[in-house]
Amino acid sequence: MTIQDARQYAPATDRNREPILEVLLKVLPGSGTVLEIASGTGEHAVYFASKLKNCLWLPTDVSPQARASIVAWTEHYECKNIYSPLELDVKEPVWVVEKQTATQWLNTSPITAIVNINMIHISPWSACLGLMAGAGRILPVGGILYLYGPFKQGGEHTAPSNAVFDEYLRAQNPEWGVRNLDDVIAVAKAERLVVKQIDKMPANNLSVVFERAEK
Ligand SMILES: C[S@@+](CC[C@H](N)C(=O)[O-])C[C@H]1O[C@@H](n2cnc3c(N)ncnc32)[C@H](O)[C@@H]1O
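For the structure given in this document, a descriptive report is provided here. (Residues numbered from 1 in each chain as written. Predicted model: local features only at pLDDT ≥ 70, side-chain atom pairs only at ≥ 80, totals over all residues. Heavy atoms only, no water.)

1. Focus: empty space enclosed by the protein
Operational definition: Of the grid points, spaced at 1 Å and generated over the protein atoms alone, those admitting a 1.4 Å probe that cannot get out make up cavities, while open sets with protein on both sides within 12 Å along at least five of seven lines make up pockets; any residue with an atom within 4 Å of a point is treated as lining. Grid points are joined across faces, edges and corners, and a volume is the space filled by probe spheres set on the points. In this description a helix means any DSSP run of H or I spanning at least four residues, a strand means any run of E spanning at least two, and both kinds are numbered starting from the N terminus. In this classification, Asp, Glu, Lys and Arg are treated as charged, Ala, Val, Leu, Ile, Met, Phe, Trp, Tyr, Cys and Pro as nonpolar, and every other residue, Gly included, as polar.
Tallied over the full model, the rule gives 1 cavity of 30 Å³ or more. A volume near 30 Å³ is recorded for the largest cavity. At 3 residues, the largest contribution of residues to the lining of the largest cavity is made by strand 5 (residues 144–149). When grouped by side-chain class, the residues that make up the lining of the largest cavity number 5 nonpolar, 3 polar and no charged.

Next up, the structure:
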């Protein structure tokens, strides 16, 4: 098997990467390391890293297959401003980037933003709790947490297609499902992450941008 065989493809990436990039260009700090949680195939990572040259991109995923795919995409595009993917499970109480060895090499370019696309509805609610707790621990004041995915608003689906998708997710795993944005915002607030902006995105998704507030 060649390294290229490890590259995985998520067709939605081709459709959503440009609208997501538009938002990232507006909200991400101009420098520092962007920690991507649940990078999946790595297609977003190589695309965003190639467009955000002032940042260093740090992809992560809990899945070994995903990390192999990220390595393969990174080698394919010969990206320079992207780290090797790290194993990171958001539910862990201490993330790998908080450990001493990582904090040493992150010293020169500290994490200023966290990006998480299409994870919190395809994982148990505990993953959302872990994500917010980690973002609250790691982000500096003024740091950005960017979320992308489908959400309920006011407890209601925003489109029939999201209701169908929600049923599909719950049939895969009863702990998965489209989250209610108010619940996500409440968990974030407890970690001193306040909503900065919400943008409607294609295919009935939302971009939700949080900023780390003062203690
Ligand atoms: C639907 S994929 C999205 C991947 C990519 N962000 C995208 O939009 O194409 C969900 C990803 O979440 C990852 N994931 C699920 N639970 C996780 C956890 N507890 N910690 C970190 N990643 C997790 C999975 O391994 C998978 O790669």
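From this point on, the discussion continues.
2. What about the side chain of Arg-67?
The condition is simple: By definition in these notes, contact holds between two residues if any of their heavy atoms fall within 4.5 Å.
You can see Arg-67 is positioned in helix 3 (residues 64–77). Excluding residues within four positions of it along the chain, Arg-67 makes contact with Asp-61, Val-62, Pro-85, Leu-86 and Glu-87.

3. Notes on the sheet that holds strand 1 (residues 32–37)
The following threshold applies: The rule for pairing is simple: two strands pair if DSSP sees at least two bridges between them.
Spatially, 3-2-1-4-5-9-8 is the arrangement adopted by the 7 strands of the open sheet, whose pairing is mixed. In this open sheet, the two edge strands, each paired with only one partner strand, are strand 3 (86–87) and strand 8 (193–201). Note: strand 8 against strand 9 (residues 205–212), 8 bridges, orientation antiparallel. In the strand pairing of strand 9, Gln-197 is matched with Val-209.

4. Points about the pairing of strand 2 (residues 55–61)
This is how the line gets drawn: Residue burial is assigned from relative accessible area. The probe radius is 1.4 Å, only protein chains are included, and a residue is buried under 20% of its type maximum, exposed over 50%, and partly exposed in between. By convention, orient the strands away from the viewer: a clockwise path from the first strand over the helix to the second makes the crossover right-handed.
Across the 7 residues of strand 2, 6 count as buried, placing the element largely inside the fold. In this structure, strand 1 lies alongside strand 2, joined through 5 bridges in parallel fashion. What sits directly across from Glu-36, in strand 2, is Pro-59. The β-α-β motif built from strand 1, the intervening helix 2 (residues 43–51) and the parallel element strand 2 has right-handed crossover chirality.

Such coordinate-based values are descriptive only and should not be taken to indicate function.
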